[in-house]
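# Observations on the model geometry
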Amino acid sequence: MKVAIIGQGYVGLTISAFAAKHHEVVGFDLNSAIVSQLNKGISHIEGVASGDIKQAIFEGKYKATTDGSEIAGSEIVVIAVPTPLDVNRKPDLTYIDSACKVIAENLTGPALIINESTSFPGTIRNYIKPAIEKYSKQMFDHLYAISPERVDPGREDFNQKNTPRLYAGLTLEATAKTRDFYSTFCDNLVEVSSPEVAEAAKLFENTFRQVNIALVNELAQISHALGIDVRETLDAAGTKPYGFMKFAPSAGVGGHCIPVDPSYLADVAEKAGVEATFIKRANEVNLDMPQYIAGRIAKDNGGSVKGKKVLVVGVAYKPNVADTRETPAELLIDALNVLGAVVTWNDPVVGNWHGTESSPLSGADIAVVVTKHDVVAAEDILKSAPYVFDTTGKVKGAVQL
Ligand SMILES: NC(=O)c1ccc[n+]([C@@H]2O[C@H](COP(=O)([O-])OP(=O)(O)OC[C@H]3O[C@@H](n4cnc5c(N)ncnc54)[C@H](O)[C@@H]3O)[C@@H](O)[C@H]2O)c1
């Protein structure tokens, strides 16, 4: 089958690499730099090997493009574009809208259109289908389905093949064709009764994480105030073989999913007349963590970090990836700057961020670890400053969150 995948980022490229083992894949993206790299067989995503892209190109199974007309003739179109929050922290569907436009303007026959981008219940039925119909010059009987993506970039034990995948179509035919498509490269398909259930389940999975991370971050603050080691407490609670799931304290949540998706659920809840109180409170607790950490560091350093050289170690939102979207390091740097510190950052995996280069891991008065990549040795972090504050629990000998 000819499959068009709209968006060649973390989700779209991952799907492209798996789908290209069985289908002819056109990876459409607006970013010409990414497209030109991909056509040279260079992957920009951890977890997608350049060798796999090169092999697929060599076999004539993969091509990246910025040209919407190359979507023509596709039997399946997968949407994998960003679904961020706008300035008011409300769902921003502008990327979905532009994806719908390019699909509508370029399809030359009926296709199955699947949304993998994370969004609120009702997106495929009430937003994507009407948008494609609005932009289409020629009306085709397209089928529509949802299959929310669960990829965890950088993870090696779970991938497209062995991660259970939810799916549902707007019609029985759409559901059946969606199952046929994913069964070519996924072993565990879970059909649900409506697209809205799949959309809601995806949002709830990430809301569950966000709320539990906030809870454990609150516990970290309580434990510190009581003089108890939070990680030992969590290890102790984790010995209960049922009814408990361990989450780790941190500088907050980052990435394109956990800080964002719950707000999609909160927004749709509010529109339906239900206040999503847990989601709001969890957002507040997680977003306040950098402020709390800056306060702890100042207190430990004679009450002030004014004029002190503070090195933020690890600005990616999680270990071993270069993704800095919504990273708590950003809020921490802001909080330290407000307190008058002279802040630099070190992250060899990210390399370049906001137009500045990663600083050496040395010569600071204070180092604060937000993310600990495997390639950065704990001993080197400890040597980088006389005072090291660790939010990750991975730098033994540092002051712990
Ligand atoms: N990153 C993850 O771990 C993850 C996991 C599960 C679900 N998701 C969801 O998947 C969706 C995509 O996320 P991502 O992390 O892959 O984003 P990303 O930023 O890595 O990639 C998105 C790509 O889409 C391109 N793009 C934007 N608008 C476009 C358009 N109109 N046409 C074609 N290309 C366009 C961008 O240039 C970019 O390359 C989001 O809804 C996200 O919430 C992400």
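Residues numbered from 1 in each chain as written. Predicted model: local features only at pLDDT ≥ 70, side-chain atom pairs only at ≥ 80, totals over all residues. Heavy atoms only, no water.

This brings us to the site of the ligand. If you check the shell around the ligand, you find 27 residues, and the closest are V11, D29, T83, S98 and T118. Note that a nitrogen atom of the ligand is positioned 3.5 Å from one of the backbone N or O atoms of A99. Measuring from an oxygen atom of the ligand, one finds a side-chain N or O atom of R325 at 3.1 Å. The protein chains hide 92% of the 830 Å² of surface that the ligand would expose on its own. Those elements that provide at least two residues to the shell around the ligand are α1 (10–19) and α4 (94–106). The element contributing the most residues to the shell around the ligand is α4, with 3 residues. (Near = heavy atom within 4 Å. Polar contact = N/O pair within 3.5 Å; in protein donor to acceptor, adjacent residues only side chain to side chain. Areas by Shrake-Rupley, 256 points an atom, 1.4 Å probe, with all protein chains shown as cover. Helix = DSSP H or I, 4+ residues; strand = E, 2+ residues; numbered from the N terminus.)

Here we come to the environment of S117. Here S117 lies in the loop between β5 (112–115) and α5 (123–135). Look at S117 and you get buried, because its relative accessible area is 4%. C-alpha of S117 to C-alpha of S193: the two residues are 76 residues apart in sequence and 19 Å apart in space. Ignoring anything within four residues of it in the chain, the contact list for S117 reads I79, A80, V81, T83 and I96. (Buried < 20%, exposed > 50% of the residue type's maximum accessible area, 1.4 Å probe, protein only. Contact = heavy atoms within 4.5 Å.)

The next thing to look at is the nonpolar core. Counting 36 residues, the largest nonpolar core has I293, I297, V312, L332, L336 and V368 as the members making the most contacts within it. Put simply, the parts of the chain that give this core at least two residues each are α7 (195–226), α8 (230–237), α10 (277–300), β9 (309–313), α11 (328–338), β10 (342–346), β13 (366–369) and β14 (387–390). In terms of residue count, α10 provides more of this core than any other element does, 6 residues in total. When sequence neighbours within four positions are dropped, the list of residues in contact with L336 reads A294, V305, V310, V312, A341, V343 and V368. (Core = buried A, V, L, I, M, F, W, Y, C linked by side-chain atoms within 4.5 Å.)

Here the focus is the pattern of salt bridges. Using the criterion set out here, one finds 24 salt bridges in the structure. Here E133 makes a salt bridge to K129, at a shortest N to O gap of 3.1 Å. Placement of both E133 and K129 in helix α5 is noted, with a separation of 4 residues, approximately one turn of the helix. Note on E133: relative accessible area 33%, which makes it partly exposed. Taking the shortest distance from any N to any O, the salt bridge between D152 and K318 comes out at 2.3 Å. Of this pair, D152 sits in the loop between β6 (143–146) and β7 (165–169) while K318 is found in the loop between β9 and α11, placing the two residues 166 residues apart along the sequence. Three or more residues are tied together by salt bridges with common partners; here these are K90, D267, E270, K271, E275 and K280. (Salt bridge = Lys/Arg side-chain N within 4 Å of Asp/Glu carboxyl O.)

Scope: geometric values only; no functional claims are made or implied.
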